Amino acid sequence: MSTTSKPPKALLFDIGGVCVVSPFQAILDYETAHGIPPGWVNFSISRSAPNGAWQRLERGEIPLDAAYFAAFGTDLGKEALWREYYGRALQKGYTTAAASDSSASASASASPPSPGSSTVMPTHPSSAAIPPVPRIDAEALFWLMMSISRTPDPYMYPALRRLRASGRYLLAALSNTVIFPPDHPYSNPTEAEAARDVRALFDVFVSSAHVGLRKPDPRIYALAMQRLRDFAGRMRPAVEGEGAQSAALEAAEVVFLDDIGENLKAARAVGMRTIKVHLGRTKEAVRELEEITGLRLLEEEEEEQEGKGGAAGRGSKL
């Protein structure tokens with residue numbers, strides 16, 4: 001986390017990969033299941049910015065319909081991007097053994113996978129031909145991402161509830177989002193689903209698809225700061241004879257949590273403090289929140305288990 005001596009007054013959270021299970025996990029699961037090199041989907045989405053189908057959907061410029069899925073599929077199947085991605089992998093000396101099927105016989109990772117991975121084999125850049133672009137069912141992938149990211153994170157969600165109960169911090173969210181069709185079940189949650197909706201825990205919620213801006217556009221951070229100030233102004237006692245007004249909340253008094261580096265970089269550029277939330281390691285981010293807030297945010301039961309070294313063979317929650 002970036003450091004400053006000034007204590008925070010507001011905590012600003014990304015949603016996917018921070019407060020709920022990361023859609024990146026769904027992408028990785030899909031790539032693994034279909035023999036697609038890990039990192040290709042994220043590479044193709046990010047390199048389609050700023051006007052790819054994904055980015056336009058998250059800015060609320062296009063509806064979530066069949067035309068979107070067709071456009072998203074086109075972005076995921078661009079030959080030029082695939083060649084760029086594969087070429088970078090070969091320059092780094094790595095290829096990934098993909099599942100053998102009619103669409104591809106070999107694939108490559110855009111960055112060296114973790115040491116010890118059985119799928120990684122050193123290859124000279126000139127020794128491998130570029131295989132066909134992986135075939136991806138864009139609609140199936142999208143709904144897999146949306147489904148997994150509706151599950152509250154087992155560490156951050158309880159921490160959010162404790163932060164809310166403490167009443168010591170302004171809690172806000174700044175998230176790149178999508179708008180589901182009005183007749184879709186996700187637009188009409190059950191009572192049980194609504195009770196677990198993380199949005200209810202925030203004082204301010206800035207949704208990219210509703211404001212027409214998405215991270216890392218500097219304008220959405222400015223908008224988030226303004227809404228934080230407006231809310232803080234409404235919460236403090238109004239000056240006699242005056243209505244609510246914006247509070248003098250400074251960016252340095254805001255701590256922003258996100259799982260994407262460029263989003264954190266943009267937050268630091270406007271003066272915010274940041275915490276990087278790594279895939280599958282939200283507990284570490286909660287510990288950082290404990291340090292800066294002085295509050296106990298992890299479950300006592302989890303702490304006791306860790307103190308005993310954990311039961312043999314017990315799997316992690318993520």
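Preceding block: the structure.
Anyway, here's the lowdown on the structure attached to this text. (Residues numbered from 1 in each chain as written. Predicted model: local features only at pLDDT ≥ 70, side-chain atom pairs only at ≥ 80, totals over all residues. Heavy atoms only, no water.)

## Brief notes about the packing of aromatic side chains
On inspection of all chains with the given rule, the structure shows 20 aromatic pairs. Measuring from centroid to centroid gives 5.9 Å for F13 and F202, while their planes differ by 50°, and the two rings are tilted. Of this pair, F13 sits in strand 1 (residues 10-13) while F202 sits in the loop between helix 8 (191-195) and strand 5 (204-207), placing them 189 residues apart in sequence. Judged by relative accessible area, which is 8%, F202 ranks as buried. Among the aromatic residues, ring-to-ring pairing joins W54, Y68, F69, F72, F142, W143, F180 and Y186 into one connected group. Across from the ring centre of Y186, 4.0 Å away, lies the NZ or CZ of R150, which sits over that ring. (Phe/Tyr/Trp six-rings, centres within 6.5 Å; stacked < 30°, edge-to-face > 60°. Helix = DSSP H or I, 4+ residues; strand = E, 2+ residues; numbered from the N terminus. Buried < 20%, exposed > 50% of the residue type's maximum accessible area, 1.4 Å probe, protein only. Lys NZ or Arg CZ within 6 Å of the ring centre and 35° of its normal.)

## Some words on the nonpolar core
Judged by nonpolar contacts, the single largest core of 31 residues is most densely connected at W40, Y68, F72 and F142. Those elements giving two or more residues to this core turn out to be helix 1 (23-33), helix 2 (40-47), helix 3 (53-58), helix 4 (66-75), helix 5 (79-91) and helix 6 (138-148). Sequence-distant contacts of F142, that is, excluding residues within four places in its chain, are made with W54, L57, L64, Y68, F69, F72 and V178. V18, L160, L257 and I275 belong to the second largest nonpolar core, which has 29 residues in total. (Core = buried A, V, L, I, M, F, W, Y, C linked by side-chain atoms within 4.5 Å. Contact = heavy atoms within 4.5 Å.)

## Some thoughts on the pattern of salt bridges
In this structure the tally under the stated criterion is 15 salt bridges. Across the pair R88 and E84 runs a salt bridge whose closest N-O atoms are separated by 2.9 Å. Here R88 and its partner E84 are both found in helix 5, four residues apart, which amounts to about one turn of the helix. Residue classification places R88 among the partly exposed residues on the basis of a relative accessible area of 40%. Taking relative accessible area as the criterion, E84 reaches 24% and is therefore assigned partly exposed. A salt bridge links D217 to R219; its shortest N-O distance comes to 2.7 Å. Residues participating in the shared-partner salt-bridge network are D14, K215 and D258. (Salt bridge = Lys/Arg side-chain N within 4 Å of Asp/Glu carboxyl O.)

## Some thoughts on helix 12 (residues 282-293)
End to end, helix 12 covers 16 Å across twelve residues, agreeing with the expected 16 Å (1.5 Å per residue, within 8%). Taken as a whole, helix 12 has its buried residues at T282, K283, A285, V286, L289, I292 and T293. Backbone geometry just downstream of helix 12 places G294 in the positive-phi region, at approximately 75°. (Expected span 1.5 Å × (residues − 1).)

Purely spatial values, then, with no claim about function.
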